[in-house]
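Structure at a glance
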Amino acid sequence: MHALLKFLIFIRWPVVTGLLASMAILLFYPSIRPAHNTGQEPAFLDFSGLEPKEQWHGPVSYAAAVSKASASVVNIYTRKQSEQRSHPYFTDPFFRRFLSRGNAPQQPKFDLGSGVIVTKDGYLLTNNHVISDAEEIVVALQDGRDAQARIVGTNQKNDLAVLKIDLDNLRPISMGSAETAQVGDVVLAIGNPFGVGQTVTQGIISATRRRGLNIADFENFIQTDAAINPGNSGGALIDTRGQLVGIATANLAQSGYTGGIGFAIPTDTAMQTLHDIIEHGRVVRGWLGVDVEGLAIRPPQGQTTQRLGGFLITGVDANSPAERAGLRAMDIIIRINDKEGNNLVWGEQEIAESRPGDKIEIEIIRDGQVQVVGVVLGENPSSG
């Protein structure tokens, strides 16, 4: 009994110290208290107080969006003629006398890509480079059917093509709008990369209205880090609701691998191209009727202290919208529709992407004074 009493006295202070420390921790750090344990699940630390649940965003799965859109995305197979590379001796005049042939025979070349069904009666969108020079185009649907496709029309300047297939029970994709897309939005790319079959990759929109990439004559790309590899071209870039926001077109890396930077043509541009080709047989573009060259300028005193980009009008076409609006040679265009003209490519595309009959406002510098001129655009005689 005496030994037990001595033991209790010995452990008294460590126990008391431990209890006091535990109470202090629970008092000053309440967030680490164990969650209620029902006996069926292990207790975990409760961190729910660190961030309000109403601030949580995003689904845990995109399966619903993929299921909605995937039946509208097709694989495209093309057959082209390609001249087999011959030995240099075959074209040398001296050696050709001793050889049985001067050139290697034509051999078929098979390429692949992707496309998107956009109407119930079988119109598809894809990239022009997917079907360029193709002698035969076969479209394979997700449900196992396939069909020969014919080219309705193409537009090389923005790398788009419209195809037509004759099949029943087609499922057109649901349309979104790239105009409402924002940097940071989650997007999914659906296509047939490297011919492995329909594949989905996920990323975000990294930038919008990306230009100056030398991918096409007219550029207005959505930039994304969703993987876009060879074979994805012409496929769908969709949002998390399964709606089309762009036609996957290219990646930045020369090696053929995405490098984390891919580009898609916005849905609005793609659908306008499709409607123009179906209705007019070509793409209809706005026309101002001026010759311009880019320059850096200093605006008139009092406007701003920063140097701005501008376009010097070097000539005005006769009977053009520009002439009718009173624009002259030596006028300097500094804004179009309240957007600063930062480079020549931007200015040309801003006009080209407008429609005949659209009224635009052009801010110019003339004789040192800023003026605003209203212009009703015409149809570009070289539309395409």
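Keep in mind that what you see is a predicted model, and the values were worked out from it rather than measured.

**Notes on the overall build of the protein**
A tally of helices and strands in the protein yields seven helices and 22 strands. Buried residues in the protein amount to 40% of all 384 residues.

**Concerning unusual backbone geometry**
Most peptide bonds take the trans form, and the phi angle of most residues other than glycine is negative. One non-glycine residue with positive phi stands out, namely D159, at about 60°. Position of D159 among the secondary structure elements: in the loop between β6 (150-155) and β7 (160-164). Classification of D159 as buried rests on a relative accessible area of 8%. Located in the positive-phi region is N169, a residue other than glycine, with phi close to 55°. Examined against the element boundaries, N169 turns out to sit in the loop between β7 and β8 (174-175).

**Observations regarding the layout of surface pockets**
If you add up the space inside the largest pocket, you get close to 660 Å³. Lining the largest pocket are 27 residues, with E179, R209, N220, T269 and E353 positioned closest to its centre. Residue assignment for the lining of the largest pocket shows that the elements contributing at least two residues are β10 (199-210), β11 (221-224), β14 (262-266), α5 (267-280) and α7 (344-352). Broken down by element, the residue count for the lining of the largest pocket peaks at five residues, all from α5. A breakdown of the residues in the lining of the largest pocket according to their chemical character gives 10 nonpolar, seven polar and 10 charged. Each pocket or cavity is described by its volume, and for the second largest pocket that value is around 440 Å³. Elements with a minimum of two residues in the lining of the second largest pocket: β15 (286-287), β16 (290-297), β18 (332-336) and α7.

**Focus: the pairing of strand β9 (residues 186-191)**
Counted residue by residue, β9 has five buried out of six residues, so it is predominantly covered. Of the pairings in the sheet, the one linking β9 to β10 comprises six bridges and is antiparallel in character. For V187, the partnering residue across the bridge sits in β10 and is G203. In terms of strand pairing, β9 meets strand β12 (residues 236-238) through three bridges, oriented antiparallel. Bridge pairing in β12 places I190 opposite A236.

**Observations concerning the pairing of strand β3 (residues 123-126)**
Here β3 shows no split at all, with Y123 and L125 on one side and L124 and T126 on the other all buried. Inspection of the sheet shows β3 paired to β7 by four bridges, in the antiparallel sense. Its bridge partner being in β7, Y123 is matched across the sheet by K164.

**Some thoughts on the packing of aromatic side chains**
Where two aromatic rings form a pair, the distance of their centres and the angle of their planes describe that pair. Evaluation of the coordinates by the stated rule reveals one aromatic pair. On the numbers, 5.9 Å between centres and 55° between planes, the contact of F221 with F263 is tilted. A residue pair is termed long-range when its members are at least 10 positions apart, and F221 in strand β11 and F263 in strand β14 qualify at 42 residues. Neither F221 nor F263 differs from the other in exposure class; each is buried. Lying across the ring of Y123, K164 places its NZ or CZ 5.5 Å from the centre.

**Points about the environment of D185**
Relative to the assigned elements, D185 resides in the loop between β8 and β9. In this structure D185 comes out as partly exposed when scored by relative accessible area, which is 29%. Not counting chain neighbours up to four residues away, the residues in contact with D185 comprise T180, G203, I204 and I205. A distance of 2.9 Å separates a polar atom in the side chain of D185 from the backbone nitrogen of Q182.

**Focus on the pattern of salt bridges**
A complete count under the given rule lists 10 salt bridges for this structure. For E379, the salt bridge identified is with R282, shortest N-O distance 2.4 Å. Taken together, the residues span a long stretch of sequence, with E379 in strand β22 (residues 378-379) and R282 in the loop between α5 and β15 at a distance of 97 residues. Under the relative-accessibility criterion, E379 is labelled partly exposed at 36%. By relative accessible area, which is 34% here, R282 ends up partly exposed. Between R335 and E363 there is a salt bridge, with its nearest N and O atoms 3.9 Å apart. On the criterion of sequence distance, the pair formed by R335 in strand β18 and E363 in strand β20 (residues 359-366) is long-range, its members being 28 residues apart. Here R335 falls in the partly exposed class, since its relative accessible area comes to 25%. Sharing partners across several salt bridges, the network here consists of R79, E135 and E136.

What counts, and where the lines are drawn
- Residues numbered from 1 in each chain as written.
- Predicted model: local features only at pLDDT ≥ 70, side-chain atom pairs only at ≥ 80, totals over all residues.
- Heavy atoms only, no water.
- Helix = DSSP H or I, 4+ residues; strand = E, 2+ residues; numbered from the N terminus.
- Buried < 20%, exposed > 50% of the residue type's maximum accessible area, 1.4 Å probe, protein only.
- 1 Å grid on protein atoms, 1.4 Å probe; cavity = no way out; pocket = protein on both sides within 12 Å on 5 of 7 lines; lining within 4 Å.
- Points joined across faces, edges and corners; volume = space filled by probe spheres on them.
- Nonpolar A, V, L, I, M, F, W, Y, C, P; charged D, E, K, R; others polar.
- Pairing = 2+ DSSP bridges.
- Phe/Tyr/Trp six-rings, centres within 6.5 Å; stacked < 30°, edge-to-face > 60°.
- Lys NZ or Arg CZ within 6 Å of the ring centre and 35° of its normal.
- Contact = heavy atoms within 4.5 Å.
- Polar contact = N/O pair within 3.5 Å; in protein donor to acceptor, adjacent residues only side chain to side chain.
- Salt bridge = Lys/Arg side-chain N within 4 Å of Asp/Glu carboxyl O.

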